[in-house]
Amino acid sequence: MFFEWHPVIVHDLHESVPLLMTWNGTGPYNPNIDPITFTEFLALSFHEVETMTGLGMPGVSTWNFGDGFGHMYADSVAMNHNAIGRGYETFGNSTAETLVQLLSADATSREWYRVDPPPTGKFSWSARDNVNYNETGALAALDYAAANAQMLLRNFYTKSLHSWRKGIEQAPYAFLIPADQGDPMRVAQMIAKLQAQHIEVSRSDAALTVAEGAFPAGTYVVRLDQPYRNYAVDLLTPQNYPKDAGEPYDDLSWEFPDYFHLQATPIADASIRNAPMSLLKGAPTPHGDVTGAGPVFVLKDSGQEGLLEARYRLARFKVNIAEQSFELGDVTYPAGSWILPAQAGLAEALKDVAGRLGIQLASTAKIPDVKQHTADAPRLGIWVPWADTDSIGWVRYSLDQRKIPYTYIRDEDIRAGNLHGKIDVLVYGHVDLELAEQIQGIPKAWGPMPFKKTAKTPSFGTPAESDDITGGIGWAGLDHLQQFIEQGGLMVTLGNGSMLPLEGGIVRGVRRDSGGVPRSSGGGGAEAAAASRESVTRTPGTEVRVTFARPDHPIAYGYSKTSQVFRGNFALYSTPRRWLRMAYCTSCLDGPSDPRSVVLQWGGPEGVPFVVSGQAWGESNLIGRPAILDTPVGRGHVVAFNFNPLYRDLNRGDHRMVWNAIINWQNILADRSAAAAGQ
């Protein structure tokens, strides 16, 4: 056993937060965290308030910040490992200069949790004040830890003991995770994430038969008689946030099996503890293979997330994709499976790719007789607006991890036009920006604002630089985007990025019914963030069910007709119509609904709960609406996601939908089954 003290997490805010608020985690409380942790939370926060108030520092408070339910910030690493962490919200200026500030009345009242309120009138506040409050709070916490070291160490041991005993005395006693669930590599990645949290994982030495069913040899086993049992249960079972608990602070679901679209079966049969198994000493590494000796190769699409990386590793080779299922011998290959004609050097390249990505290929004598389309590796562009480089950084991270080549597209590049000379597919990720900010960017009045490497700013200018990052793409840039699409380009938008084509006029016939910028008041402003949080329909980081309205669409390859995705608080869009009225009048009518461009819609089979993990409010207003739209615009297409399938590199099972759009870009562009925008 060891004692873990986690570093302090600090946020610099300028809202209704007083000068410093220490975290103590109000309810609802996560049932998988030992109750002792929450008493430590309270003891530390009260000690910090007491110490800083005694030093004559006004405006220090605790209570009513965050909640004890979610996994938020790095302090949760300590909490979930039977230790304790600290965090503070601190008043800030959003600048280094000293400013004269004035707090609202609700931040200056005297309360039991704020016994010495901050000033009610104007006062000066600087970055140094901010640092002083943070440092003093951290020192107060360390003072408490030093004075109560033996108690905290005893608590760590006791919490670990409680966790271990639960794994022995109550079901479930283990989780079983089959290694071959369509994508062995994705299974291995989930196991590696559990191991990274020091959760012990074993592998069965022989086939297992328990009350819950039969499992093959090699099945992964997470035994729950271990000190981090509670965390394992938390990560492998759905979250159930109380519907009457008020507004949550952050994401409500963090269940790994849903993130990865995998199954982890809880085992209530105590005989699992006697099954032969071996503790994994390192992360598992699946190995792929190429079988047979024929000149034509086939790859069965079983939902492998690594197919995008495989396509770019095989960029110099021709790849066709089956649009219908077919059979070779006793194997059925579903739509989406790859067919690679005979080509010089292909066999050697496939062996390398199969080994790296853990995929299986087979060879055959001739090309299967099935409808198929060409899938060339496109020239991929990632547009990163200067007004929000943070959110789309996760898109870049996902691609960089897989060594996918792409062109970094700046606002200046879009303003310059001629996008067809550089790219075939443009991905525009989620942004915390309202429509006007997506178009106009950082106000020009603040410029010129260079972002370049200089002696004073040596870390700037990578991976992109600019003489002036203000101004956004402007109306001219929006016109260039429309030209790129109309002339045969594919634009894929994620999350709030879909606001640009749907509300900016590139795609016509789609109306935003409610909602706004997801959570951040830094992007769309406090009013826009409040409109999203207070919307009747909310899915704040929740796994919910979806159904493919077009299960034959390339985006559906590798998925069953019903599935689930991770959704934040995004705007709600109506089913497209042939046309929308353009002006107010009491007798005007909208055109008829036109669902042909709806690829995926919210909701699952009748009678099946909408929420898989987390919680949703007003879900009846969401069910049936489009989750993915694929709309022709001129000779091109816009594929708009009403969720973020590349969210913080967590929801790995959703990634394939984006990869499918990129891999099958030519087939999507050739599809004219839906009416073009404005028709």
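Just above, that's the structure.
Not measured: the values here are computed from a predicted model.

Rules behind the numbers
- Residues numbered from 1 in each chain as written.
- Predicted model: local features only at pLDDT ≥ 70, side-chain atom pairs only at ≥ 80, totals over all residues.
- Heavy atoms only, no water.
- Pairing = 2+ DSSP bridges.
- Helix = DSSP H or I, 4+ residues; strand = E, 2+ residues; numbered from the N terminus.
- Axes fitted to C-alpha atoms, helices over the stretch in contact; angles between N-to-C directions.
- Buried < 20%, exposed > 50% of the residue type's maximum accessible area, 1.4 Å probe, protein only.
- Polar contact = N/O pair within 3.5 Å; in protein donor to acceptor, adjacent residues only side chain to side chain.
- Contact = heavy atoms within 4.5 Å.
- Phe/Tyr/Trp six-rings, centres within 6.5 Å; stacked < 30°, edge-to-face > 60°.
- Lys NZ or Arg CZ within 6 Å of the ring centre and 35° of its normal.
- Expected span 1.5 Å × (residues − 1).
- Parallel < 35°, antiparallel > 145°, perpendicular 65-115°, else oblique.
- Nonpolar A, V, L, I, M, F, W, Y, C, P; charged D, E, K, R; others polar.
- Left-handed = near helix turned anticlockwise from the far one by under 90°.

Asks: Where do I start with the sheet that holds strand β12 (residues 265-267) in this structure?
Replies: Hydrogen bonding along the main chain pairs the strands of a sheet, whether they run parallel or antiparallel. Spatially, the five strands line up as an open sheet ordered β12-β7-β11-β8-β13, and their pairing is antiparallel. This sheet does not close on itself; its edge strands, each paired only once, are β12 and β13 (277-279). Strand-to-strand twist of the sheet, defined as the mean angle between neighbouring strand axes without regard to direction, takes the value 30°. Across three bridges, strand β7 (residues 174-177) lies against β12 in antiparallel orientation. Its bridge partner being in β12, A174 is matched across the sheet by I267.

Asks: What should I look at first to understand the side chain of R625 in this one?
Replies: Turning to its location among the elements, R625 is positioned in the loop between β31 (611-613) and β32 (626-633). Judged by relative accessible area, R625 falls into the buried class, the value being 14%. Polar side-chain contacts of R625 include one of 2.6 Å to the side chain of D513. Filtering out sequence-adjacent residues up to four positions away, R625 remains in contact with D513, L572, Y573, S574, L600, Q601 and W602.

Asks: Mind showing me how you'd approach the packing of aromatic side chains here?
Replies: To describe a pair of aromatic rings, one takes the distance between the centres and the angle between the planes. The full count for this structure, using the stated rule, is 21 aromatic pairs. Where F46 meets W112, the ring centres are 6.4 Å apart and the plane angle is 45°; that geometry is what we call tilted. With F46 in helix α1 (residues 35-54) and W112 in the loop between β5 (99-101) and β6 (123-125), this pair connects stretches of sequence that are 66 residues apart. On the numbers, 5.5 Å between centres and 90° between planes, the contact of W112 with Y113 is edge-to-face. Judged by its relative accessible area of 55%, W112 is exposed. Here the aromatic residues F69, Y241, W254 and W617 are joined through ring pairs into a cluster of three or more. Lying over the aromatic face of Y173, R273 brings its terminal NZ or CZ to 5.0 Å of the ring centre. Of note, R567 hangs over the ring of W602, and the distance from its end group to the ring centre comes to 4.9 Å.

Asks: Even after reading the chapter, I still don't get helix α6 (residues 229-236), so can you show me in this structure?
Replies: Each turn of an α-helix holds 3.6 residues, which means side chains three or four residues apart point in the same direction. Burial within α6 is extensive, with eight of its eight residues counted as buried. Along α6, the residues that are buried comprise R229, N230, Y231, A232, V233, D234, L235 and L236. Next to the buried residues of α6 lie α4 (149-169), β7, α5 (184-196), β11 (220-223) and α7 (256-260).

Asks: Can you help me understand the side chain of T493 in this one?
Replies: On the secondary structure map, T493 appears in strand β25 (residues 490-493). Since its relative accessible area comes to 0%, T493 is described here as buried. Of note is the side chain of T493, whose polar atom sits 2.9 Å from the side chain of S498. Residues contacting T493, with those up to four places away along its chain left out, are Y428, S498, P501, V639, A640 and F641.

Asks: I would appreciate a short explanation of helix α3 (residues 127-147) in the present structure.
Replies: The terminal C-alpha atoms of α3 lie 30 Å apart, and with 21 residues this matches the ideal 30 Å at 1.5 Å per residue to within 8%. Listed in full, the buried residues belonging to α3 are N130, Y133, N134, T136, G137, A138, A140, A141, Y144 and A145.

Asks: Got a minute to help me understand the environment of I485 in this structure?
Replies: Inspection of the secondary structure assignment puts I485 in helix α13 (residues 474-486). The class of I485 is buried, set by a relative accessible area of 0%. Between the C-alpha atoms of I485 and I506, which are 21 residues apart in sequence, the distance is 8.8 Å.

Asks: Explain the packing of α1 against α4 to me, please; I cannot follow it from the model alone.
Replies: Describing two packed helices takes the angle between their axes plus the distance from one axis to the other. Relative orientation of the contacting elements α1 and α4 amounts to 155°, with a least axis distance of 9 Å. Taken together, the axes of α1 and α4 lie roughly antiparallel to each other. Across the interface between the two elements, I36, T37 and E40 of α1 pack against L152, N155, T158, K159 and H162 of α4. Among the residues forming the contact of α1 with α4, the class breakdown is two nonpolar, four polar and two charged.

Asks: For this particular structure, what's the right way to read the packing of α1 against α3?
Replies: At a minimum axis separation of 9 Å, α1 and α3 run at an interaxial angle of 125°. As judged from the angle between their axes, α1 and α3 are oblique. Crossing of α1 against α3: the hand is right-handed. For the pair formed by α1 and α3, the contact residues are A43, L44, H47, E48, T51 and M52 on the first element and Y133, T136, G137, A140, A141, D143 and Y144 on the second. Per-class residue counts for the contact of α1 with α3 are seven nonpolar, four polar and two charged.

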